[in-house]
Number of protein chains: 2
Amino acid sequence: MVQENVAAPGDAPIVRPLPISGFPEWLPEVRVIEQRWLDTIRRIFESYGFCSVETPSVEALDVLMAKGETSQEVYALRRLQADADDDSARLGLHFDLTVPFARYVAAHFNELVFPFKRYQTQRVWRGERPQEGRFREFTQCDIDVINVDRVPLHFDAELPRIVHEVLTTLGVPPWTLNINNRKVLQGFYEGLGVADPLAVIRIVDRMDKIGRVGVGDLLATRAGLAPDQVQACLDLAAIRVASDAEVVERVRELRVKSDLLDEGLDELAAVLADLADLPAGSVVADLSIARGLDYYTGTVYEAKFVDWPDFGSICSGGRYENLAGSFIRRSLPGVGISIGLTRIFAKLLAEGLLTLGPASPADVLVVIPSAARRAAALSTAAQLRGRGLRVETYHQPDKLAKQVRYAVRKGIGHVWFPPFDDGRDHEVKDLTTGDQTTADPTGWTPPSA
Amino acid sequence: MVQENVAAPGDAPIVRPLPISGFPEWLPEVRVIEQRWLDTIRRIFESYGFCSVETPSVEALDVLMAKGETSQEVYALRRLQADADDDSARLGLHFDLTVPFARYVAAHFNELVFPFKRYQTQRVWRGERPQEGRFREFTQCDIDVINVDRVPLHFDAELPRIVHEVLTTLGVPPWTLNINNRKVLQGFYEGLGVADPLAVIRIVDRMDKIGRVGVGDLLATRAGLAPDQVQACLDLAAIRVASDAEVVERVRELRVKSDLLDEGLDELAAVLADLADLPAGSVVADLSIARGLDYYTGTVYEAKFVDWPDFGSICSGGRYENLAGSFIRRSLPGVGISIGLTRIFAKLLAEGLLTLGPASPADVLVVIPSAARRAAALSTAAQLRGRGLRVETYHQPDKLAKQVRYAVRKGIGHVWFPPFDDGRDHEVKDLTTGDQTTADPTGWTPPSA
């Protein structure tokens, strides 16, 4: 494809149609697989009784900033030809689905039944520099539960179970869902006598990027911890076990005491116990997981590919006690988890791990042998369509070989030949086997259907 | 719900969670109906062999402006904390799906099979002042065909047929799809000796808003037409008939001659003839329809509610000869039609014409009679789910009456009681009839499923 930005004489200038970096789009044979993924995710979310919610792509900037997410990531709007009372300047595209959901629950508080369980599959936008696995527009699939005053721990275990079913059903390559509890971290640091536990959490959260040595350095130099405190923090972060009994035992061995630690450990153990039936390695307590966002208060989740440890998290979430409380004078805690659909999908596509679909959804192409037979072809197509089949009619009378070639190129599995003369039989050709047989439009179904 | 923007002592300030004007969002019992609509639309689009395409929400501003759509409507992006080489300033949210689709076809020209038939259901954004039927963010469902050099007229008739099936299946109140052909208008005005036919088209396009008298005035004063020319233009615009033969006859009676008029009239008649089997009144040739956008060149469509004539168009589209040609040095004409999903849906909702769905997708709620029976309840739920049912488990042991009330409030039709003692039967209560009977988790299905 030749693209030039110079105008030929007499022509309008050509605007380059190149895709914009960080804003992915797929060819039809890829999109059809993404649709199957979305259908599977929806089916599984609904099978656990989560209802669908969508919110506007746009929120007021003060809503987006209510919990202090870095403003650098937000795309704000401006009208190209704004007039004096333009109010779009205070609007921005949402950067996640948790903040909009909390705002939604506060806005419709009197009309919802609690605990309110919803799923939300939408695009989100972040003004980041694109790199592998990082897009500026991408789709997330979130499930969250918000309740009045208290969210039962039941949900902290139900959400990873649902995510496990989704990733397994989609055939995503091996992953681990790491679980921790912010109360364990905060209680442990408090029990150690650390003055600012949140500062320690933020440093430990960088373990992936700077490693144990880097974290240890920062704990000493920036957070001002004594050597034995640093060592204890690193020992805690090194705990990575699957069983509820073992995680309790390993933390107890570090001999730090605090009520908050006990509470967090009880919660973490209860969640692990509830998930004990899942396959080994799929859910692990990893006490280095902190999740940087301030709004998490209890359970936190982070899933990663086993084979691509540096790829970043493919699912994440946690428990937030006071997010909706930014918008309404009620205590509305929640817990949620987000599947990074575009990130996972694009990675599998790049690795050649997706089997692409056909370029057309049609089960069968009905040919138009001649202008005289066009009406009969259209009526046959309508008859097949009425029986639930997906049927493309060729768009004009043409050589049959050309029409068959069109079906092949679009990945349509069968070609239907209406009879050339009244009284003769319909015929259908299976493009996979090459077989051509007589067929009855009132009863035929494609072998694969 | 009390909302105050003043902070209580010791609390963070409350950010008002009110919805933003022009950005609709639905409660779960409304959203579930919107989902059913989207499913129906997708099923029908695919049944005609159209594949799914999605494009980014964002395009380069010069792409959005390639065909001169009024820039006032576009929301451009800006990063809140942009650095020196911020490139987001040249990006904007798309205001329709036709321009992005044309850009997509040009960008992926070598990878697509032509004629390329796609459907695209996405949100679009317009920086307009909100009013009834006008949103700033809304969902459109588009079907278009783009081909190299020439698009067969077959598609000009197939698209209204598909729209007819969609609106009928959705149970949308009576509407009419009005069809015209820009060649008829342009050829007629040329045959009349009008110097600037496009200026006349733009004036006639305002018939809905300013009426025959207003259009007549503007044709005389602004377009400089002589009284007999004005009269001929108004006579043409007054033609509104369903049959192909009649539209030809009525235009011929006006005794204006031009080759382009003949060509347009042949096309219009052919499209009407192809659609003659549709119910009377559903498709009508209306020679006042012009569609303001410059990029239409042949067939144009515009659907309206019969009972709300002032509501504006609910579907629109037409044939464009050179839209993708803005992006690539190929002739890539197309024809398309767009269903204004949000506009139609919101109108029916406002008129009380939608039967709302349940607030939960679950078929059945499995209760947790006691902590001791929780594991049995979860396992029964998993068993039912494994058989394809949508099953919510109550989130904690609680009074049974409270758990049943929760199901009633969420619109869940059945409540499942796992046995209190091993060896006793499972029971299920139908909340519609009130009947409670024994049930087998390996075979039970809800009566409505």
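Refer to the structure printed above.
As the structure is a prediction and not an experimental result, all values here were calculated from the model.

Q: Looking at this structure, how should I read the sheet that holds strand β1 (residues 51-52) of chain A?
A: Backbone-to-backbone hydrogen bonds join strands into a sheet, with any given pair of strands oriented parallel or antiparallel. Residue and element names in this part refer to chain A. Taken together, 9 strands build an open sheet; the order of strands is β1-β5-β6-β12-β11-β10-β7-β9-β8 and the sheet is mixed. Of all the strands in the sheet, the pair left with one neighbour each is β1 and β8 (240-241). Here strand β7 (residues 175-181) pairs with strand β10 (residues 299-305) via 7 bridges, running antiparallel. Note on β10: the bridge partner recorded for Ile 179 is Tyr 301. On top of the sheet, helix α4 (residues 154-170) reaches β5 (116-125), β6 (137-146), β7, β10, β11 (315-320) and β12 (334-339); it is set at about 15° to β12, its chief contact.

Q: What's the story with the interface of chain B and chain A in this structure? I'm lost.
A: Where the parts come together, the accessible area they lose is often given as the size of the interface. Across the contact, 110 residues belong to chain B and 111 residues belong to chain A. Between chain B and chain A lies a buried interface of about 9500 Å² when both sides are counted; carbon and sulfur atoms form 50% of it. Counting the contacts that link chain B with chain A gives 14 salt bridges. Across the pair Glu 392 of chain A and Lys 117 of chain B runs a salt bridge whose closest N-O atoms are separated by 3.4 Å. If you look at where chain B meets chain A, you find 42 residue pairs in polar contact (both at pLDDT 80 or more). The element that contributes the greatest number of residues to the side of chain B that touches chain A is helix α1 (residues 28-47) of chain B, accounting for 7 residues.

Q: How should the pairing of β10 of chain A be read in this particular structure?
A: The buried count for β10 of chain A comes to 7 of 7 residues, which makes it a mostly enclosed element. Of the two faces of β10 of chain A, both are covered, the one formed by Thr 299, Tyr 301, Ala 303 and Phe 305 of chain A as well as the one formed by Val 300, Glu 302 and Lys 304 of chain A.

Q: I tried to follow the side chain of Asp 142 of chain A on my own but got confused; where do I start?
A: All names here are of chain A. Within the secondary structure, Asp 142 sits in strand β6. There is no salt bridge for the buried Asp 142, and the closest opposite charge comes from Arg 118, which lies 4.6 Å off by N-O distance. Of note is the side chain of Asp 142, whose polar atom sits 2.6 Å from the side chain of Ser 338. Excluding residues within four positions of it along the chain, Asp 142 makes contact with Phe 45, Leu 97, Thr 98, Arg 118, Tyr 119, Gln 120, Ile 337, Ser 338 and Ile 339.

Q: What should I look at first to understand the packing of aromatic side chains in this one?
A: The relative placement of two aromatic rings is captured by the distance of their centres and the angle of their planes. For the structure shown, the criterion picks out 25 aromatic pairs over all chains. Arranged with centres 6.4 Å apart and planes meeting at 20°, the rings of Tyr 104 of chain A and Phe 116 of chain A form a pair that is stacked. One end of the pair, Tyr 104 of chain A, is in helix α3 (residues 98-107); the other, Phe 116 of chain A, is in strand β5, and 12 residues separate them in sequence. Phe 116 of chain A matches Tyr 104 of chain A in its accessibility class, with the two residues each being buried. Seen in terms of ring centroids, Tyr 394 of chain B and Tyr 406 of chain B are 5.3 Å apart; in terms of plane orientation they differ by 80°. Their pairing is edge-to-face. Here the residue Tyr 394 of chain B occupies a position in the loop between β14 (391-393) and α13 (400-410), and Tyr 406 of chain B occupies one in helix α13, the gap between them amounting to 12 residues. Ring pairs connect the aromatic residues Trp 26, Trp 37 and Phe 345 of chain A, which therefore count as one cluster. Between Arg 343 of chain A and the ring centre of Phe 311 of chain A, over which it is positioned, the NZ or CZ distance is 5.7 Å.

Q: Help me understand the packing of helix α1 (residues 28-47) of chain A against α1 of chain B, please; the structure alone is not making it clear to me.
A: Geometry of a packed helix pair, given as the angle between the helix axes and the separation of the axes. As a packed pair, α1 of chain A and α1 of chain B sit with axes 15 Å apart at the nearest point and diverge in direction by 150°. Two packed elements cross with a definite hand, and for α1 of chain A against α1 of chain B that hand is left-handed. Residues Gln 35, Asp 39, Arg 42 and Glu 46 of chain A of α1 of chain A touch α1 of chain B, and the partners they reach there are Gln 35, Asp 39, Arg 42 and Glu 46 of chain B. A class-by-class count of the residues in the contact of α1 of chain A with α1 of chain B yields no nonpolar, 2 polar and 6 charged.

Q: So what exactly am I meant to see when it comes to the relation of the copies chain B and chain A here?
A: Two copies of the chain are present, and they differ by a rotation about an axis and a shift along that axis. At an RMSD of 0.1 Å, chain B and chain A line up after a rotation of 180° and a shift of 0.0 Å along the axis. Here the symmetry operator amounts to a two-fold rotation axis. Relative to the rotation axis, the closest C-alpha in chain B is found at Leu 77 of chain B, a distance of 2.5 Å. An overlap of 100% is found between the interface residues of chain B and their copies at the interface of chain A, pointing to a shared contact surface.

Q: Hey, could you run me through the pattern of salt bridges in this one?
A: All names here are of chain A. For the coordinates displayed, the defined rule picks out 52 salt bridges over all chains. Lys 183 is paired through a salt bridge with Glu 267; the nearest N and O atoms lie 2.6 Å apart. Taken together, the positions of Lys 183 in helix α5 (residues 182-191) and Glu 267 in helix α10 (residues 259-274) put the pair 84 residues apart, joining distant regions of the chain. Pair check on accessibility: Lys 183 and Glu 267 agree, each one buried. The closest approach of N and O atoms between Asp 286 and Arg 240, which form a salt bridge, is 2.9 Å. In this pair, Asp 286 sits in strand β9 (residues 283-286) while Arg 240 sits in strand β8, placing the two residues 46 residues apart along the sequence. Assessed through its relative accessible area of 8%, Asp 286 is described here as buried. The class of Arg 240 is partly exposed, set by a relative accessible area of 44%.

Q: Which parts of the structure should I look at to understand helix α12 (residues 374-386) of chain B?
A: Every α-helical turn comprises 3.6 residues, leaving residues that sit three or four positions apart pointing alike. Residues and elements named next belong to chain B. With 13 residues, α12 extends 18 Å between its outermost C-alpha atoms, agreeing within 8% with the 18 Å of an ideal straight helix rising 1.5 Å per residue. Here α12 has its buried residues at Arg 374, Ala 377, Thr 380, Ala 381, Leu 384 and Arg 385. Seen from one end, α12 has its buried residues packed into an arc of 135°, which puts them on one side. What points out from α12, more than 90 degrees from its buried face, is the exposed set Ala 375 and Gly 386. Just downstream of α12 lies Gly 388, where phi reads positive at about 90°.

Q: Please explain the side chain of Glu 46 of chain B as it appears in this structure.
A: If you trace the backbone, Glu 46 of chain B turns up in helix α1. A polar contact of 2.6 Å, which involves the side chain of Glu 46 of chain B, links it to the side chain of Tyr 119 of chain B. Excluding anything up to four places from it in sequence, Glu 46 of chain B contacts Gln 35, Pro 361 and Arg 390 of chain A together with Tyr 119 of chain B.

Q: Please clarify how unusual backbone geometry should be interpreted in this entry.
A: Across residues other than glycine, the phi torsion is negative in most instances, and most of the peptide bonds are trans. All names here are of chain A. In this model, Phe 114 is joined to Pro 115 through a cis peptide bond whose omega is -5°. Residue position: Pro 115 is located in the loop between α3 and β5. In the Ramachandran plot, Asp 149 falls in the positive-phi region, its phi being about 70° despite a non-glycine side chain. Checked against the element boundaries, Asp 149 lands in the loop between β6 and α4.

Conventions used here
- The residue numbers shown here count from 1 along each chain, following its written sequence.
- For naming, the first written chain is A and the first written ligand is 1, with later ones following in the order written.
- Given that the model is predicted, a residue must reach a pLDDT of at least 70 before its local features are reported, and side-chain atom pairs must reach 80 or more before they are shown or counted; all residues, however, enter totals for whole chains, interfaces and linings.
- For the side-chain quantities, the full set of heavy atoms in the structure was used; hydrogens and water were omitted.
- Paired strands, as defined in this entry, are two strands with at least two bridges between them according to DSSP.
- Numbering of helices and strands starts at the N terminus; helices are DSSP runs of H or I of at least 4 residues and strands are runs of E of at least 2.
- Residue contacts are defined here by distance: any two heavy atoms, one from each residue, within 4.5 Å place the two residues in contact.
- For helices, the fitted axis covers only the stretch in contact; all axes are lines through C-alpha atoms, and the angles between them, taken along N-to-C directions, range from 0 to 180 degrees.
- Accessible surface is computed with a 1.4 Å probe, and the buried area is the amount of it that two parts give up when combined, taken over both parts together.
- We define a salt bridge as a side-chain nitrogen of Lys or Arg found within 4 Å of a carboxyl oxygen belonging to Asp or Glu.
- For this analysis, a polar contact is any N or O atom pair within 3.5 Å, provided that within protein one partner can donate a hydrogen and the other can accept it, and provided that sequence-adjacent residues contribute only side-chain to side-chain pairs.
- Relative accessibility decides the category of a residue: with a 1.4 Å probe and only protein chains considered, values under 20% of the type maximum give buried, values over 50% give exposed, and everything between is partly exposed.
- None of His or the chain ends enter the tally, which takes Lys and Arg as positive and Asp and Glu as negative.
- Planes of paired rings set the category: under 30 degrees apart is stacked, over 60 is edge-to-face and the rest tilted, where pairs are Phe, Tyr or Trp rings (Trp by its six-membered ring) whose centres lie within 6.5 Å.
- Placement of a positive charge over a ring is assigned whenever Lys NZ or Arg CZ falls within 6 Å of the ring centre and within 35 degrees of the normal to the ring plane.
- Each helix crossing is assigned a hand: it is left-handed if the near helix lies turned anticlockwise from the far helix by less than a right angle, otherwise right-handed if that turn is clockwise.
- Throughout this entry, Asp, Glu, Lys and Arg are counted as charged residues, while Ala, Val, Leu, Ile, Met, Phe, Trp, Tyr, Cys and Pro are counted as nonpolar. The remaining residues, Gly among them, count as polar.
- Superposing copies: least-squares fit, C-alpha atoms only, residues required to have pLDDT of at least 70 in both.
- How far a helix is expected to stretch is found by multiplying one less than its residue total by 1.5 Å.
- Directions pointing from the helix axis toward each C-beta atom define the arc.

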